[in-house]
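The residues making up each chain are set out below.
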Amino acid sequence: MFLAPALLLGLLAIGLPLWLHRVARANPTQHQFASLMLLEASETQRTAKRTLRYWLLLITRILLLIALVLAFAGPLLTARIVPQPDANAQLHAILLDSSLSMQHGKRWQRALDEAESVIADLPSSDRVMLLSGSGRRIQVVSPSTTAGNVGAVRAALQNLKPGIERLDYGFAMSTANSWLGSPRPQVVLHLISDLQRSAAPLRFADLQLPAQTQLVMHDVSDGPAGNIYIANAAMEPLDTHSLQATLGSSVTEPQQRNVILRVDDKEVSRKSVTLAAAAAQPEIVAGEGGNAPGTELSLHPTSQPTHGNSTSFTKVTFSDLNLSAGAHRIEVLLDPSDELPQDDRFFAVIEQANPAALLISRDTESDDTAYFGAAIGALSAPRLTVEQRVANSMDSGGLGKYSLIVVSDPSALSNAAARRILSYVAAGGAVLATLGDAEDKNDHLLGDLHSGEVKNRTGKVGDVASTHPVLREATDWNRVRFFRQRTIQPAAEDKTLIALDDGTPLLIERTLGAGRMLILTVPVDRRWSDLAIHPLFVQFIGAAASYLTQAEATGTNALVGATVTTGLTAGGGGQIFDPQGRRVLGLAQSTTDRLIPDQAGFYEIRGSEGARWLAVNVDARESDLATLPPDFVGRWQALRAQEPTPTVASTPAPAVKPESLGPWLLWLAAILLIAETLLANRHLAIRREVPK
C-alpha cells in the first residue's frame with residue numbers, strides 16, 4: 001500500500017546508470033616508440049569495448065534510485081500484514097499431581113508419558129501451559145506459550161520430580177483463577193493424577209471450576225494398589241514406659257514386616273508382625289516388650305473396611321522403655337520397605353522428664369506465693385513439681401526445662417528477665433501471669449497490656465467463654481466476688497476469655513510464637529477478690545496448667561508442607577537445621593518465626609533458650625492409595641456440564657493508523673548517496689597522461 005503509487009514509474013530511471021556504465025570508455029595510454037621512419041602509413045580503426053564496469057558503484061546507484069522512488073511513493077505499514085490469532089484457539093493447562101502417592105510404582109512415569117501425549121496432540125493454533133500441584137501450592141512450571149514452542153515445555157516436563165506433600169483437589173480447583181491468569185481463552189484443564197480418594201475436599205462445592213473451563217481427567221493409578229505404612233507412634237497414655245506404633249495396611253496378600261524402634265539414632269527393639277490380607281486385616285496389640293527379633297505377634301482379627309479399598313490397622317507396643325530425662329528422638333520404621341518407602345518411617349519427639357513449674361514472685365513469703373504453690377502442688381494431672389524463685393534474683397540459667405512458668409507480679413521482673421521469659425514463650429513455653437497489687441507501669445513482660453487506675457468496686461463475672469478448655473465450669477465463676485478492679489485495655493491480638501459485669505477483661509489469652517500466655521488481670525489477694533479461697537481456684541489452676549503444657553507439646557511434631565512456628569525472634573535469634581544437617585535459612589532470615597519443612601525427619605531449632613527438636617512426617621492421607629469412586633468422578637465432570645457455555649461475541653479488530661515508511665527510506669537514501677560519492681571518487685578520478 002502506497003500513498004502515491006504513480007511515482008513508482010520513477011523506477012525506470014534505473015536504466016540510466018546501466019547505460020552510463022556500459023558506454024564509459026577508459027582513456028588510451030600512449031607509449032614511447034623509437035622511430036616511425038621505416039613504418040608504412042596505414043588507416044587504423046578502433047572498436048570500443050562495451051562492457052559494464054565498476055559493479056559496486058553501479059549497485060549503489062541503483063539502490064539509491066530505488067530508495068528515492070519508494071520514499072516519494074510512500075509505502076504504508078498497517079496491521080493487515082500481522083496475522084490475527086485464531087478465534088477458536090484454546091489454552092491447554094496440564095496440571096501434574098506431584099504429591100507423595102505419585103511415587104508409588106510407575107505412576108510418575110505414566111504421568112510424564114500422558115503429559116507428552118497431550119502435548120503431541122495439541123492443534124497448532126492452541127496454547128499450552130504446564131503446572132505442578134503438591135501441598136498448598138500450584139506451581140507454574142512453564143507459562144502459557146504457543147503449540148509451536150513446545151520444546152521448552154517438554155524440557156520443563158522432564159525436569160519435574162514428585163514431592164512428598166499432599167495435594168488437595170479442592171484447593172487446586174478453587175485457586176484455578178489465579179494460576180490460569182486473566183484474560184484467557186477457552187481453557188481445557190488436563191488433570192494428570194492417580195485420582196486419590198483422600199485428595200477429595202470436605203465440601204464437594206470446592207471442586208467447582210472457573211467459567212469457560214473444561215476438565216479432562218487422566219487417571220494414571222493403574223487400578224487399586226496395596227500399601228503398608230506407619231500411621232502413628234506415641235507413648236501410651238497410662239504407661240510412660242510403653243510406646244505404641246500403629247500400622248496401616250491395604251495389601252491384598254499376607255505380608256510380613258519387621259517393626260524397628262530407634263531412640264536417638266540407636267536401635268532398641270525389633271518386632272516381627274504378619275499382616276493378613278486387607279479383606280480380613282486384624283487390629284492387634286503386640287505382646288509384652290522384650291520379644292526377640294523374629295518372634296511373631298499374636299493377631300486378633302477386627303477388620304475395618306473402607307470404600308473402594310479396605311484399610312486395617314495393627315497396633316504394636318514396645319514396653320519397658322527406660323528413657324532418661326529430656327527430649328528423645330523416636331523413629332519407627334518397617335523392614336523391608338515397599339513401593340512407597342517414604343511412609344514406612346515415622347518420627348516423633350518425646351519429652352521424658354519430671355515436669356516442673358517455676359513460680360516467680362516478688363516475695364516468697366507472700367500470700368499469692370502460698371496460694372499458687374499449694375494449688376500447683378495439689379495437681380494430679382499433670383503432676384508438677386514446684387520451684388520458687390524471687391523476681392529480682394533470677395540468674396541467667398535456661399528456662400527450657402520448665403513446663404510452666406507462673407508469674408504472680410510481672411512488674412517485679414527486670415527488663416532482662418522479662419526478655420528471657422518472652423523468648424521462652426516464643427519457643428513453645430507456657431506462662432500463667434497475674435497483675436500484681438503495685439501500680440508500677442514498668443511492665444516489661446506485658447508491655448502491650450495497658451492498665452489504668454484502681455477502683456474500689458464490688459462486681460461479679462459477666463461473660464465467660466465456656467467453650468474454652470480452661471473454663472468448662474462457667475457457673476462457678478459467677479460465685480466469685482471482686483472487691484477492687486483496674487481498667488484494662490488488651491492488645492489487638494489478645495482474646496478475652498472472662499469479662500466482669502462492666503466489660504473489664506478478667507482473663508486474657510495471648511499467643512506469642514509457638515507458646516501461649518494466660519493473664520489474670522487481678523492479683524491473687526483477698527483484698528481484691530475471694531478467688532484464692534474459692535474451690536474454683538485449684539480447679540482453674542489445674543485446667544490452665546493442663547491446657548498450657550499440652551500446647552507446649554504440640555510444637556514438637558508437624559507435617560511436611562505445614563507452617564510451623566519456630567519461636568525464634570529478632571531479639572533472641574537462632575538457627576534451624578534440616579534432617580541432613582544443613583542450615584535451612586541464612587543468617588539474615590534465621591530470626592523468622594515461621595518454617596515450612598519440606599523433608600521428613602528431625603529438624604533442629606537452636607535458640608537463646610537452647611536447642612529443641614521438631615519431628616516432621618508425611619501426611620498419612622497420602623498413604624491411602626484408594627481411588628475416587630466412579631460415581632464421584634462422574635459428578636465432578638458433570639459439575640461443569642450443568643453450566644451453559646458462554647458465547648463469546650466476535651469483536652472487530654480495532655482500527656490501526658497506517659504508518660509511513662517514507663522517512664526511513666529517505667535516511668537510507670542519504671546513506672547510499674554518501675557511499676556513491678565515495679565510490680565515484682575512487683573509480684572515476686581523472687587519469688593524467690604520461691608526458692612525452
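The rules behind each value
Throughout, a residue's number is its position along its own chain's written sequence, starting from 1. Reporting in this predicted model follows two pLDDT cut-offs: at least 70 for local features of residues, and 80 or more for side-chain atom pairs to be given and counted; totals over whole chains, interfaces and linings ignore these cut-offs and use all residues. Hydrogens and water molecules were not included; the side-chain quantities draw on all heavy atoms of the structure. Pairs of strands are assigned from DSSP output, requiring at least two bridges between the strands. Helix and strand assignments follow DSSP, with helices taken as H or I runs no shorter than four residues and strands as E runs no shorter than two, numbered in order from the N terminus. Each axis is a line fitted through C-alpha atoms, and for a helix only the stretch in contact is used; angles between axes span 0 to 180 degrees, taken between their N-to-C directions. By the convention used here, residues are in contact when the closest approach between their heavy atoms is within 4.5 Å. The classification of residues rests on relative accessible area computed with a 1.4 Å probe and restricted to protein chains. Under 20% of the type maximum is buried, over 50% is exposed, and intermediate values are partly exposed. A cavity here means a set of points on a 1 Å grid, drawn over the protein atoms and nothing else, where a 1.4 Å probe fits but cannot get out; a pocket is an open set with protein on both sides within 12 Å along at least five of seven lines, and a residue lines either one if it has an atom within 4 Å of a point. Grid points are joined across faces, edges and corners, and a volume is the space filled by probe spheres set on the points. Amino acid classes used here: Ala, Val, Leu, Ile, Met, Phe, Trp, Tyr, Cys and Pro are nonpolar; Asp, Glu, Lys and Arg are charged; the rest, including Gly, are polar. Only one rule defines a salt bridge in this text: a Lys or Arg side-chain nitrogen within 4 Å of an Asp or Glu carboxyl oxygen. Exposure above 30% relative accessible area and no salt bridge define the residues that can form patches, which grow by joining like charges within 9 Å and nonpolar side chains of Val, Leu, Ile, Met, Phe, Trp and Tyr within 5 Å. Areas reported here follow the Shrake-Rupley algorithm with a probe of radius 1.4 Å; residue values treat only the protein chains shown as occluding. Classification remark: right-handed applies to a crossover when, strands pointing away from the viewer, the course from the first strand over the helix to the second runs clockwise. Put simply, angles under 35 degrees are roughly parallel, angles over 145 are roughly antiparallel, angles from 65 to 115 are roughly perpendicular, and the rest are oblique. The sense of a crossing depends on the near helix, which, turned anticlockwise from the far helix by less than a right angle, makes the crossing left-handed and, turned clockwise, makes it right-handed. The aromatic pairing rule takes the rings of Phe, Tyr and Trp, using the six-membered ring of Trp, and pairs them if the centres are within 6.5 Å, calling planes under 30 degrees apart stacked, those over 60 edge-to-face and the rest tilted.

Peer 1: Would you take a moment to explain the sheet that holds strand β14 (residues 356–361) for this structure?
Peer 2: Two orientations exist for strands paired in a sheet by backbone hydrogen bonds: parallel and antiparallel. Strands sit in the order β15-β14-β16-β17-β23-β22-β21-β19 across an open sheet of eight strands; the sheet is mixed. Only two strands of the sheet have a single partner each, and these edge strands are β15 (385–390) and β19 (461–464). Between one strand axis and the next, the sheet turns by 15° as a mean value, whatever way the strands run. Contacting β14, β15, β16 (404–407) and β17 (430–434), helix α7 (residues 367–377) crosses the sheet at an angle of about 170° to β14.

Peer 1: I tried to follow unusual backbone geometry on my own but got confused; where do I start?
Peer 2: With the exception of glycine, most residues fall at negative phi, and the peptide bonds are largely trans. Omega for the bond connecting S182 with P183 falls within 30 degrees of zero, at 0°, which places this linkage in the cis form. Mapped onto the elements of the fold, P183 is located in the loop between α6 (176–180) and β5 (186–193). In this chain, D335 is followed by P336 through a cis amide linkage whose omega measures 0°. Mapped onto the secondary structure, P336 falls in the loop between β12 (326–335) and β13 (345–352). Phi is positive for L195, close to 50°, though the residue is something other than glycine. Of note, L195 is situated in the loop between β5 and β6 (213–219). With a relative accessible area of 7%, L195 lands in the buried category.

Peer 1: Explanation requested: empty space enclosed by the protein in the structure shown.
Peer 2: Any space left empty among the atoms is revealed by the rolling of a water-sized probe across them. Throughout the structure, instances matching the rule amount to one cavity of 30 Å³ or more. Approximately 50 Å³ is the volume found for the largest cavity. Together, Y229, I230, A231, D343, R345, F346, N617, V618, A620 and S623 line the largest cavity. Of all elements in the fold, only β7 (228–236) and β13 reach the threshold of two or more residues within the lining of the largest cavity. The leading source of residues in the lining of the largest cavity is β7, at three residues. Considering only residue class, the lining of the largest cavity consists of six nonpolar, two polar and two charged.

Peer 1: Please clarify how the pattern of salt bridges should be interpreted in this entry.
Peer 2: Where side chains of opposite charge bring their charged atoms close, a pairing between them can arise. Under the defined criterion, the tally for this structure stands at 23 salt bridges. Between R107 and D194 there is a salt bridge; the shortest N-O distance is 2.8 Å. Taken together, the residues span a long stretch of sequence, with R107 in helix α3 (residues 107–120) and D194 in the loop between β5 and β6 at a distance of 87 residues. The pair formed by R107 and D194 is uniform in burial state, with each residue classed as buried. For the salt bridge of R137 with E165, the shortest nitrogen-to-oxygen distance reads 3.3 Å. Taken as a pair, R137 in strand β4 (residues 137–146) and E165 in the loop between α4 (150–158) and α5 (169–174) lie far apart in primary sequence, 28 residues in all. For R137, a relative accessible area of 46% puts it in the partly exposed group. For E165, a relative accessible area of 7% puts it in the buried group. Residues joined by salt bridges that share partners form a network here, namely R262, E331 and R345.

Peer 1: Explain the sheet that holds strand β29 (residues 610–617) to me, please; I cannot follow it from the model alone.
Peer 2: One open sheet holds the four strands; their spatial order is β24-β29-β28-β26, and the pairing between them is mixed. Looking at which strands have only one partner, the edges of the open sheet turn out to be β24 (557–559) and β26 (574–577). Adjacent strand axes in the sheet meet at a mean angle of 25°, parallel and antiparallel pairs treated alike. Pairing of β24 with β29, which is carried by three bridges, proceeds in the parallel orientation. What sits directly across from A558, in β29, is V616.

Peer 1: How should a nonpolar patch on the surface be read in this particular structure?
Peer 2: Where nonpolar side chains cluster on the molecular surface, the patch consists of L7, L68, F72 and L666 and spans about 370 Å² of accessible area. Looking at the secondary structure, you find L68 in helix α2 (residues 55–73).

Peer 1: Explain the pairing of strand β3 (residues 127–134) to me, please; I cannot follow it from the model alone.
Peer 2: Consecutive residues of a regular strand have side chains that alternate between opposite faces of the sheet. Burial analysis of β3 places seven of its eight residues in the buried class, which makes it a mostly covered element. Looking at chain direction, strand β2 (residues 90–97) and β3 are connected through seven bridges and run parallel. Along β3, the bridge assignment pairs I94 with L130. Taking the sense of rotation as the criterion, the β-α-β connection linking β2, α3 and β3 turns out right-handed. Where β3 hands over to β4, the hairpin turn is made up of two residues, of which G135 adopts a positive phi near 70°.

Peer 1: Help me understand the environment of Q109, please; the structure alone is not making it clear to me.
Peer 2: Tracing the backbone through its elements, the reader meets Q109 in helix α3. Q109 sits in the partly exposed class, given a relative accessible area of 45%. Separated by 111 residues in the primary sequence, Q109 and V220 place their C-alpha atoms 9.1 Å from one another.

Peer 1: Quick question: what am I supposed to make of the packing of α2 against helix α12 (residues 662–683) here?
Peer 2: Two quantities define a packed helix pair, namely the angle between the helix axes and the distance between the axes. Direction vectors running N to C along α2 and α12 enclose 155°, while the axes themselves pass 8 Å from each other. Relative to α12, α2 is oriented roughly antiparallel. Classified by chirality, the crossing of α12 by α2 is left-handed. On the side of α2, the interface is formed by L56, L57, T60, R61, L63, L64, A67, L68, L70 and A71, while α12 contributes G662, L665, L666, A669, L672, L673, A675, E676, L679, A680 and H683.

Peer 1: Please explain the packing of aromatic side chains as it appears in this structure.
Peer 2: For any pair of aromatic rings, geometry is given as the distance between the ring centres together with the angle between the planes. One pass over the full model with this rule turns up six aromatic pairs. Judged by centre distance (5.2 Å) and plane angle (85°), the rings of F347 and F602 are edge-to-face. Placement of F347 in strand β13 and of F602 in strand β28 (residues 601–607) is noted, with a sequence separation of 255 residues between them. Each member of the pair, F347 as well as F602, carries the same accessibility label: buried. Aromatic pair W477 and F540: ring centres 5.4 Å apart, planes at 85°, arrangement edge-to-face. Of the two residues, W477 is situated in helix α9 (residues 474–477) and F540 in helix α10 (residues 536–553); the sequence distance between them amounts to 63 residues. Taking the relative accessible area as the measure of exposure, W477 reaches 1% and is therefore buried. Residue class for F540 comes out buried when judged on its relative accessible area of 3%. Among the aromatic residues, those joined into a cluster by ring pairs are F347, F602 and W613.

Such coordinate-based values are descriptive only and should not be taken to indicate function.
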